[in-house]
Amino acid sequence: MLVSERFFFWYVLDCFFAWVMRNLSFVYFRLNTDLISACADNSREKEVSRKGVEKMVKRIGVLTGGGDCPGLNAVIRAVVKTAVGEAGLEVIGFRDGFRGVVLNEYQVLTPESVVGILIKGGTILGSTNRDNPFHFKTEVNGQIVYSDLSGQAVENLNRLGIDCLIVIGGDGTLSCAKDFMDKGVKVVGVPKTIDNDLNATDLTFGFMTAVDTATDAIEKLHTTAESHHRVMILEVMGRYAGWIALQAGIAGGADVVLIPEIPFTLEKVVEKVRERQMRGRNFSIVVVAEGAKPLGGEMVVSRRIEDSPDPIRLGGIGQKISTELEQSFGIESRVTVLGHLQRGGKPSAFDRILASRYGVYAVKMALEGKFGMMAALKGTEITAVDLKDAVSSLRTVPAEGELVKTAKSLGITFGD
Ligand code: F6P
């Protein structure tokens, strides 16, 4: 073959390869943009053709479920920044927890959608502590019925090509995530709740901000308690775990801390109040968790919400104690119920950092295929733990633990 013929042969071959590559990338580009615009369109039934791109497009879903808490937005932001900005993935945010997955209500999240949300309380995705997909409330012919719509949720996830669902939630939402995992959905959990009662992690984000809020309230109650020589009772959240009451009680210098883990008697509370009076301290601060109960008694239930995974809502123990203090012991007292103030507002610096660490780590877990697991804080390190361990039981305050002993050494009584 002459030199010019050989050159011509290689030239033709080169052109052919260039043509093939150009067309392949065009096909990829078309499929890819089709998928992105399909997601940007919130219409429920838009079908997405994913032929041939499953392996090329990596898409993460994210949702926030259960009672909200400060730091949810910081996690969402960290997920989007890491997934889109660093790993080149796509992120779909589902509206109102698992409700959005059942009803196919979602939005595409880009770095632009998360600008400025680090410091904001609440969640840009919305949340709900009802709407369990396995027991979903619907209306049929004017009748309320509960049906298992988890299959519909899985179909929606598949149709959207969600390769991994990052679920930010407490015990109820993460139990739901575990049930979806059993149905073949690849899930990664992020531990959220002001109650700090999730197992398998040392800390949930949102908790420390709630402690700051409760501590601030105790400080303010101190001044008015002292002026009026009263017992001021602060009722804080904490259904089955008294972490907020305990930690805020220590940080705010409370005299009495009543928590679900240590049943109390009113006589012991009165003993403390009287003992302080004897020392010229004519006021006392009582911090009571909403789930605290008297020895041999029950928690005070304020209402039931039937379609919630945990239908019990607590509230009223503070007022009950106050009434008994006045009627049985002649001790004047006032009650403040801190309620949802503990869940609102901007996250503290501590929670912004913890939430950001969880969000970044959750995406890394997804990329490494650590499904069915939850990001957790162990000591000073973030690590992956089994989701099943996280939801198997609640992490309550050890009644004989170091923190309770510390509080007792500081003179705090638990009414036991
Ligand atoms: O689990 C978090 C929590 O804030 C509890 O401490 C509280 O009992 C409950 O949620 C209140 O829920 P809701 O928002 O339905 O009133």
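Residues numbered from 1 in each chain as written. Predicted model: local features only at pLDDT ≥ 70, side-chain atom pairs only at ≥ 80, totals over all residues.

## Overview of the overall build of the protein
(1) Moving on: Scanning the protein from terminus to terminus reveals 12 helices and 15 strands.
(2) Moving on: Buried residues in the protein amount to 46% of all 416 residues.
(3) Moving on: By sequence separation, contacts in the protein at least 24 residues apart represent 73% of the contacts at least 6 residues apart. (Helix = DSSP H or I, 4+ residues; strand = E, 2+ residues; numbered from the N terminus. Buried ≥ 20, exposed ≤ 12 C-beta atoms within 10 Å, placed from the backbone. Contact = placed C-beta atoms within 7 Å.)

## As for unusual backbone geometry
(1) Moving on: The residue Asn-141 is not glycine, and still its phi comes out positive at about 50°.
(2) Moving on: We note that Ala-200 has phi near 70°; this positive angle belongs to a residue other than glycine.
(3) Moving on: Secondary-structure assignment places Ala-200 in the loop between β7 (187–191) and α6 (207–228).

## Notes on the sheet that holds strand β13 (residues 333–337)
(1) Moving on: The four strands are arranged β9-β10-β8-β13 in an open sheet whose pairing can be described as parallel. Unpaired on one side and paired on the other, β9 (256–258) and β13 mark the two borders of the sheet. Taking the axes of each pair of neighbouring strands and ignoring which way they run, one obtains an average angle of 15° across the sheet.
(2) Moving on: One ladder, built from three bridges, connects β9 with strand β10 (residues 284–289); its direction is parallel. (Pairing = 2+ DSSP bridges. Axes fitted to C-alpha atoms, helices over the stretch in contact; angles between N-to-C directions.)

## Quick word on the site of the ligand
(1) Moving on: What surrounds the ligand is a group of 13 residues, the closest being Gly-67, Asn-129, Asp-195, Met-237 and Arg-239.
(2) Moving on: Residue composition of the shell around the ligand, grouped by class: three nonpolar, five polar and five charged.
(3) Moving on: Both domain 1 (56–206 + 347–390) and domain 2 (207–345 + 399–409) contribute no fewer than three residues apiece to the shell around the ligand. (Near = placed C-beta within 6 Å. Nonpolar A, V, L, I, M, F, W, Y, C, P; charged D, E, K, R; others polar. Domains from an automatic or database assignment.)

## Section: the packing of helix α7 (residues 243–252) against helix α12 (residues 402–409)
(1) Moving on: At their nearest, the axes of α7 and α12 sit 11 Å apart, and the two run at 35° to each other. Our pair here, α7 against α12, has a crossing hand that is left-handed. Across the interface between the two elements, Leu-246, Gly-249 and Ile-250 of α7 pack against Leu-403, Thr-406 and Ala-407 of α12.
(2) Moving on: In terms of residue class, the contact of α7 with α12 is made up of four nonpolar, two polar and no charged. (Left-handed = near helix turned anticlockwise from the far one by under 90°.)

## Examining helix α8 (residues 266–278)
(1) Moving on: Between its first and last C-alpha atoms α8 spans 18 Å; for 13 residues at 1.5 Å apiece the expected length is 18 Å, and the two agree.
(2) Moving on: The complete set of buried residues in α8 reads Val-269, Val-270 and Val-273. Projected down its long axis, α8 shows its buried positions confined to an angular sector of 95°, all on one face. Along α8, the residues that are exposed and aim more than 90 degrees away from the buried face are Glu-267 and Met-278. (Expected span 1.5 Å × (residues − 1). Arc of directions from axis to C-beta.)

## A word on the environment of Val-79
(1) Moving on: Tracing the sequence through the fold places Val-79 in helix α2 (residues 72–86).
(2) Moving on: You can call Val-79 buried: it has 29 C-beta atoms within 10 Å.
(3) Moving on: When neighbours within four sequence positions are excluded, Val-79 is seen to be in contact with Val-62, Val-91, Ile-166, Gly-359, Ala-362 and Val-363.

## A short note on the packing of α2 against helix α10 (residues 349–367)
(1) Moving on: Remark: α2 packs on α10, axes separated minimally by 7 Å, with the N-to-C direction vectors making an angle of 40°. Taken together, the axes of α2 and α10 lie oblique to each other. The way α2 lies across α10 gives a crossing that is right-handed. Contacts between α2 and α10 pair Ala-74, Val-75, Arg-77, Ala-78, Val-79, Thr-82 and Ala-83 from the former with Arg-352, Ala-355, Ser-356, Tyr-358, Gly-359, Val-360, Ala-362 and Val-363 from the latter. (Parallel < 35°, antiparallel > 145°, perpendicular 65-115°, else oblique.)

## Describing the confidence of the model for the protein
(1) Moving on: For the protein, the mean per-residue pLDDT works out to 90, and 87% of the residues sit at or above 70.
(2) Moving on: Averaged pLDDT values for the elements of the protein fall to 51 in helix α1 (residues 3–40) and rise to 99 in β9. (pLDDT = per-residue confidence, 0-100.)

## Regarding the sheet that holds strand β6 (residues 164–169)
(1) Moving on: Spatially, the seven strands line up as an open sheet ordered β3-β2-β1-β6-β7-β14-β15, and their pairing is mixed. What marks the edges here is a single partner per strand, and that holds for β3 (106–109) and β15 (381–386). Across the sheet, the mean angle from the axis of one strand to that of its neighbour is 30°, orientation sign disregarded.
(2) Moving on: Two elements, β7 and strand β14 (residues 373–378), share two bridges in a ladder whose sense is parallel.

## Topic: helix α5 (residues 171–182)
(1) Moving on: With 12 residues, α5 should cover 16 Å at 1.5 Å per step; its first-to-last C-alpha distance of 16 Å lies within 8% of that length.
(2) Moving on: Taken across its 12 residues, α5 has nine buried, putting it largely inside the fold.
(3) Moving on: All of the buried residues along α5 are Asp-171, Gly-172, Thr-173, Leu-174, Cys-176, Ala-177, Lys-178, Phe-180 and Met-181.
(4) Moving on: Where α5 is buried, its residues meet α3 (98–103), α4 (150–159), β6, β7, β14 and α11 (387–392).
(5) Moving on: Once α5 ends, the next one or two residues include Gly-184, with phi positive near 95°.

## Observations regarding the environment of Pro-263
(1) Moving on: Relative to the assigned elements, Pro-263 resides in the loop between β9 and α8.
(2) Moving on: When the 17 C-beta atoms within 10 Å are taken as the criterion, Pro-263 is described as partly exposed.
(3) Moving on: On a C-alpha basis, the gap between Pro-263 and Ala-292 in space is 6.9 Å, while along the polypeptide they are 29 residues apart.
(4) Moving on: Discounting chain neighbours no more than four positions away, the residues touching Pro-263 are Lys-293, Pro-294, Leu-295 and Asp-416.

## With respect to the pairing of strand β4 (residues 136–140)
(1) Moving on: Two strands pair when backbone bridges link them, and β4 and strand β5 (residues 143–147) are joined in this way by five bridges, in the antiparallel orientation. Within β5, the position partnered with Lys-137 by the bridge is Tyr-146.
(2) Moving on: Between β4 and β5, which follow one another and run antiparallel, lie two residues, and Asn-141 among them has a positive phi close to 50°.

## As for the environment of Ile-305
(1) Moving on: Looking at where Ile-305 falls in the secondary structure, it is placed in the loop between β11 (301–304) and β12 (312–314).
(2) Moving on: In this structure the C-alpha to C-alpha distance between Ile-305 and Asn-129, which are 176 residues apart in sequence, comes to 9.6 Å.
(3) Moving on: Look past the residues within four positions of Ile-305 in its chain and what remains in contact with it is Arg-130, Pro-311 and Arg-313.

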